[in-house]
Amino acid sequence: MSRIVAENISSDFNNNSSHFFPHSMELIAGELSTTAGASPTLGQLLKHVGDVRKEATGDETPVHEILVDVTEPRPTPFVLSFNNLSYSIKIRRKLPLPGFLRRRDRSAASPVAGNPLAGDSFFTRTKTLLNDISGEARDGEILAVLGASGSGKSTLIDALANRIAKGSLKGSVTLNGEVLESRMLKVISAYVMQDDLLYPMLTVEETLMFAAEFRLPRTLSKSKKKMRVQALIDQLGLRNAAKTVIGDEGHRGVSGGERRRVSIGIDIIHDPIILFLDEPTSGLDSTSAFMVVKVLQRIAQSGSIVIMSVHQPSYRILGLLDRLIFLSRGQTVYSGSPANLPLYFSEFGHPIPESENRTEFALDLIRELEGSPGGTKSLVEFNKSWQSMKHTRDSEPDGHRLSLKEAISASISRGKLVSGATNDVSSTSMVPRFANPFWKEMVVLSNRSILNSRRMPELFGIRLGAVLVTGFILATVFWQLDNSPKGVQERLGFFAFAMSTTFYTCADALPVFLQERYIFMRETAYNAYRRLSYVMSNALVALPGLIFLSFAFAATTFWAVGLDGGFSGFLFYFLIIFASFWSGSSFVTFLSGVVPHVMLGYTIVVAILAYFLLFSGFFINQDRIPAYWIWFHYLSLVKYPYEAVLQNEFDNPTKCFVRGIQIFDNTPLGAVPGSMKVRLLQSLSNTLGMRITSSTCLTTGVDILKQEGITDLSKWNCLWITVAWGFLFRILFYFSLLLGSKNKRT
């Protein structure tokens with residue numbers, strides 16, 4: 001069988017891949033089975049890479065087999081059609097001011113007020129974001145959605161990507177004539193958000209490698225995944241930045257255009273069939289924007305449907321686009337090829353000057369019409385008549401079109417859609433929901449989190465410093481407390497402050513998930529991993545740091561304060577501090593899943609922890625708390641560790657804390673001379689009819705526990721309850737992610 005050089009198939013692809021395999025770019029002609037001028041898929045490149053590696057190293061690991069017969073004409077694999085898409089929302093109506101407060105001019109009166117839409121009320125009105133939008137996108141082409149800000153570009157992309165809740169969107173979206181299930185669409189497509197949501201301390205190569213670990217099946221060997229990442233780096237033109245960190249405001253990293261290409265790369269690592277992008281060129285200079293769209297063109301030519309929104313493309317970018325949809329206030333004002341723009345506007349009566357950019361002229365004309373009394377109604381109607389004429393002229397059917405399952409199977413056979421997919425058309429699970437098992441996701445998530453944390457050691461260092469400074473201050477203030485009544489009161493104060501401090505120092509966990517929230521939403525929206533995997537890995541990664549902090553605080557304060565119990569007492573003291581850190585960290589993590597803003601979250605955390613301390617039993621004993629507030633006492637996270645350390649300190653019935661004349665301490669009689677205290681003690685002894693001397697023990701540790709109302713639970717039960725609180729908040733965190741990260745419009 002004859003061989004052909006890859007550069008004869010796609011010079012663009014060869015230019016971007018020659019750095020990776022400069023001398024081995026031959027592909028089997030029968031294996032490629034692509035039309036002339038089309039770029040090979042990422043799967044085809046990977047297969048060739050595997051063949052070269054097999055010849056060089058003897059590695060017989062199978063990669064991808066190409067099963068398409070080139071003797072038959074290639075059918076049209078994928079056509080994404082959308083018909084009569086309409087979407088509207090309810091917004092609050094501005095209530096009119098009283099007559100004496102209104103301005104004299106009436107020009108601000110809304111014309112809509114006189115003609116309310118169906119479903120409008122006095123307090124709300126209906127705003128239409130999409131109004132009867134129709135069109136189609138084919139594999140191998142780029143469909144661009146254009147329009148001014150607020151025209152509905154992003155809304156249309158969300159509608160096609162199934163990011164609008166069922167029931168809210170009217171119309172149909174089909175792939176090869178079949179309605180796409182949400183599960184299927186998540187696996188065969190990818191959505192690139194407008195914002196570049198990346199971990200700042202990971203390099204470009206590491207970011208793509210972690211994406212490969214998530215989206216590629218574990219049956220694919222580590223070496224094959226690395227090859228895919230390297231091929232993708234070349235395809236994206238990121239070879240020179242592969243070892244550079246992404247960066248953020250405080251760390252210098254890759255350029256804006258490179259960040260955008262990395263964002264695209266992590267979503268196309270599994271070579272999806274459909275790629276949605278929300279303004280991928282936004283915020284980039286013209287050269288970077290052109291390079292991004294050039295990459296998208298290569299992705300489309302590899303057999304993908306690329307649908308993107310763009311604000312105002314340059315002349316060079318326009319040459320890369322295959323289909324355009326212009327929107328104005330949710331309505332289609334043009335749908336077709338860029339080449340037909342001059343004819344379209346010429347027939348409309350506004351010919352495009354030869355020296356002017358076609359899209360700029362069209363957008364300027366649309367804005368001008370929007371400001372006119374009739375709006376763009378005339379252009380919308382003209383587009384409808386134009387489309388009907390166009391369909392009449394082009395009424396011949398497409399060649400033979402494959403069914404959806406056949407098309408997906410054919411794409412898998414050519415090496416696309418490698419998220420664990422099989423080419424068994426009859427299988428109902430041809431495309432699995434997740435590429436990897438639960439434990440594999442946990443390992444990858446933990447590795448990524450640990451690597452990102454290691455690159456920013458100052459975060460843990462600041463937290464450790466805060467714990468050590470707090471421990472040092474407490475150790476020096478409460479240095480070597482004695483076993484007197486004053487020592488008892490000082491111990492109670494130390495324990496209350498120490499236990500509440502462990503919870504307050506957990507507040508730094510609040511911004512961790514808030515910073516990762518949108519990364520998490522982007523990755524889970526298309527089934528990169530399970531939400532449960534994220535919750536479990538988040539908890540496991542936090543444990544080593546909590547253990548270290550607990551030991552540091554316990555070792556700093558236990559012996560310096562002079563607490564009782566020896567080594568066994570220290571061990572329990574360490575365990576209850578660790579349990580406090582665990583439950584506090586879990587509580588703050590749960591709040592971060594519920595509260596979307598850092599400052600609001602800090603306010604809520606500080607307030608709730610203050611309430612926990614108030615009802616812990618330190619300021620007011622349990623038997624003195626009003627009945628209508630007693631429920632908060634049992635919900636207080638501080639209550640259980642506070643009671644546990646008190647029992648660890650005072651549960652020794654042989655240890656005495658008040659002897660003889662010490663009974664007068666902390667009373668007005670405490671100021672009288674010692675000799676007077678002895679006589680008072682003798683009088684008290686005679687009155688009671690019992691012998692009380694200066695060495696008689698009057699109050700033991702058990703008596704102190706009774707005075708504090710700590711009689712219900714043992715110290716070990718308090719420890720287990722504190723640990724259980726931590727697990728409960730982790731479960732609640734999972735449900736907050738499950739319910740609060742749907743990532744869909746309503």
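Residues numbered from 1 in each chain as written. Predicted model: local features only at pLDDT ≥ 70, side-chain atom pairs only at ≥ 80, totals over all residues. Heavy atoms only, no water.

Some points on the layout of surface pockets
Applicable threshold: A 1.4 Å probe that fits into a set of points on a 1 Å grid over the protein atoms alone but cannot get out defines a cavity; an open set with protein on both sides within 12 Å along at least five of seven lines defines a pocket, and lining residues are those with an atom within 4 Å of a point. Grid points are joined across faces, edges and corners, and a volume is the space filled by probe spheres set on the points. Numbering of helices and strands runs from the N terminus, with a helix taken as a DSSP run of H or I at least four residues long and a strand as a DSSP run of E at least two residues long. Ten residues, namely Ala, Val, Leu, Ile, Met, Phe, Trp, Tyr, Cys and Pro, are considered nonpolar, four, namely Asp, Glu, Lys and Arg, are considered charged, and the remaining ones, Gly among them, are considered polar.
Considered as a void within the structure, the second largest pocket measures approximately 1,400 Å³ in volume. Residue lining of the second largest pocket: 47 residues in total, with S449, S453, L459, V512 and E516 positioned closest to the centre. Sorting the residues of the lining of the second largest pocket by element identifies α15 (438-454), α16 (457-477), α18 (510-525), α19 (531-561) and α20 (566-594) as the ones contributing at least two each. A total of ten residues in the lining of the second largest pocket trace back to one element, the largest contributor, which is α19. Here the lining of the second largest pocket is built from residues that sort into 24 nonpolar, 13 polar and ten charged.

Quick word on the pattern of salt bridges
Rules: In the sections that follow, a salt bridge refers to a side-chain nitrogen of Lys or Arg positioned within 4 Å of a carboxyl oxygen of Asp or Glu. With a 1.4 Å probe rolled over the protein chains alone, any residue whose accessible area is under 20% of its type maximum counts as buried; one over 50% counts as exposed, and the rest are partly exposed.
Going through the model one piece at a time under the given rule, you end up with 20 salt bridges. A salt bridge links D364 to R367, with the shortest nitrogen-to-oxygen separation between them at 3.2 Å. Residue D364 and its partner R367 are located together in helix α12 (residues 358-370), separated by three residues, close to a single helical turn. Judged by its relative accessible area of 40%, D364 is partly exposed. Among the residues examined, R367 registers a relative accessible area of 33% and is labelled partly exposed. Note that D564 is salt-bridged to K655, the shortest N-O span being 3.7 Å. Pair noted here: D564 is in the loop between α19 and α20 and K655 is in the loop between α23 (639-650) and β13 (656-659), with a separation of 91 residues, a long-range link.

Points about the packing of aromatic side chains
Rules: Between the rings of Phe, Tyr and Trp (Trp by its six-membered ring), a pair exists once the centres lie within 6.5 Å; its type follows the angle of the planes, with under 30 degrees stacked, over 60 edge-to-face, and the other angles tilted. Think of it as a cone above the ring: NZ of Lys or CZ of Arg counts as a charge over the ring if it is within 6 Å of the ring centre and within 35 degrees of the ring normal.
Tallying each qualifying case throughout the model produces 42 aromatic pairs. Ring geometry for Y334 versus Y344: centroids 4.7 Å apart, planes at 65°, classification edge-to-face. Residue Y334 is located in strand β12 (residues 331-336), and its partner Y344 is located in helix α11 (residues 341-348); the two are separated by ten residues in the primary sequence. Y334 sits in the buried class, given a relative accessible area of 0%. Every member of this aromatic cluster is reached through a ring pair, and the members are F587, F590, Y611, F612, F615, W629, W631, F632, W725 and F729. For the cation-ring pair, R163 lies above Y191, with the distance from its terminal atom to the ring centre recorded as 3.8 Å. Taking the ring centre of F290 as reference, the NZ or CZ of R316 above it sits at 4.2 Å.

Structural notes on the side chain of E205
Short version of the rule: The definition of a polar contact used here is a pair of N or O atoms within 3.5 Å, where within protein one atom must be able to donate a hydrogen and the other to accept one, and adjacent residues in sequence count solely through side-chain atom pairs. Residues count as neighbours in contact if any of their non-hydrogen atoms are within 4.5 Å of one another.
Along the polypeptide, E205 turns up in helix α6 (residues 204-215). Judged by its relative accessible area of 18%, E205 is buried. Of the polar contacts made by the side chain of E205, one reaches the side chain of K243; its length is 2.5 Å. The residues touching E205, leaving out its near neighbours within four places in the chain, are V229, Q230, I233, A242 and K243.

Here's the deal with the packing of α6 against α15
Inclusion rule: A fitted line through C-alpha atoms serves as each axis, taken over the contacting stretch for helices, and the angle formed by two N-to-C directions is quoted from 0 to 180°. Note on terminology: angles under 35 degrees are roughly parallel, angles over 145 are roughly antiparallel, angles of 65 to 115 are roughly perpendicular, and the others are oblique. Crossing chirality is assigned from the near helix's rotation relative to the far helix, an anticlockwise turn below a right angle marking it left-handed and a clockwise turn marking it right-handed.
As a packed pair, α6 and α15 sit with axes 10 Å apart at the nearest point and diverge in direction by 165°. With respect to α15, the axis of α6 lies roughly antiparallel. Our pair here, α6 against α15, has a crossing hand that is left-handed. Together, E206, F210, E213 and F214 of α6 and K440, E441, V444, L445, N447, R448 and L451 of α15 make up the contact between the two elements.

Here's the deal with the state of the cysteines
Threshold: In plain terms, two cysteine sulfur atoms within 2.5 Å form what is called a disulfide here.
Taken as a whole and assessed by the stated rule, the structure comprises one disulfide. Across the disulfide, C656 is cross-linked to C697 (sulfur-sulfur distance 2.2 Å). Across the S-S bond of C656 and C697 the torsion is about 110°, and the bridge reads as right-handed. Here C697 lies in strand β14 (residues 697-700) and C656 lies in strand β13, a separation of 41 residues in the sequence.

Observations concerning the sheet that holds strand β3 (residues 79-92)
What counts, and what does not: At least two DSSP bridges between two strands are needed for those strands to be called paired.
If you walk across this open sheet you meet the four strands as β4-β3-β6-β7, and the pairing is antiparallel. Either end of the sheet is taken by a strand with one partner, and the two such strands are β4 (124-138) and β7 (178-179). Pairing of β3 with β4, which is carried by eleven bridges, proceeds in the antiparallel orientation. Counted as the bridge partner of S88 is T128 from β4.

Considerations on empty space enclosed by the protein
Evaluation of the coordinates by the stated rule reveals six cavities of 30 Å³ or more. Considering the residues around the largest cavity, the lining is formed by 17 residues, among which A211, I266, R448, R522 and E523 are closest to the centre. If one sorts the elements of the lining of the largest cavity by residue count, α6 sits on top with five residues. Split into classes, the residues belonging to the lining of the largest cavity amount to eleven nonpolar, one polar and five charged.

Some thoughts on the nonpolar core
One broad trend across soluble globular proteins is that nonpolar side chains are buried collectively. How we decide: To qualify as a nonpolar core, a set must consist of buried Ala, Val, Leu, Ile, Met, Phe, Trp, Tyr and Cys residues joined through side-chain atoms within 4.5 Å.
Judged by nonpolar contacts, the single largest core of 119 residues is most densely connected at L175, I274, F276, I307, F494 and Y573. For this core, the element with the most residues is α20, which contributes 13 residues. Every residue in contact with F494, bar those within four places of it in the chain, is listed here: L474, F478, T557, V561, L563 and Y573. Formed by 63 residues, the second largest nonpolar core is a distinct cluster that contains A144, I233, L284 and F345.

Points about the pairing of β12
Of all the six residues making up β12, five are buried; the element is thus mostly covered by neighbouring parts of the structure. Pairing of strand β11 (residues 323-328) with β12, which is carried by five bridges, proceeds in the antiparallel orientation. If you follow S328 over to β12, its bridge partner there is Q331. Hairpin geometry of β11 and β12 is characterised by an intervening segment of two residues between the two adjacent antiparallel strands and by a positive phi of about 50° at R329.

Comments concerning helix α4 (residues 153-160)
Of all eight residues in α4, seven are buried; the element is thus mostly enclosed. If you check which residues of α4 are buried, you get K153, T155, L156, I157, D158, A159 and L160. Backbone geometry just downstream of α4 places N162 in the positive-phi region, at approximately 60°.

What to know about the sheet that holds β12
Within a sheet, adjacent strands bond to each other through the backbone by hydrogen bonds, running parallel or antiparallel. In spatial order, the strands read β8-β9-β10-β5-β11-β12; together these six strands make up an open sheet with mixed pairing. Two strands in the sheet have a free side with no partner beyond their single neighbour: β8 (189-192) and β12. Across the sheet, the mean angle separating the axes of adjacent strands is 15° when strand polarity is ignored. Contacts between helix α9 (residues 286-301) and the sheet are confined to β5 (142-146), β9 (274-278) and β10 (305-310), with β10 contributing the most and set at about 155° to the helix.

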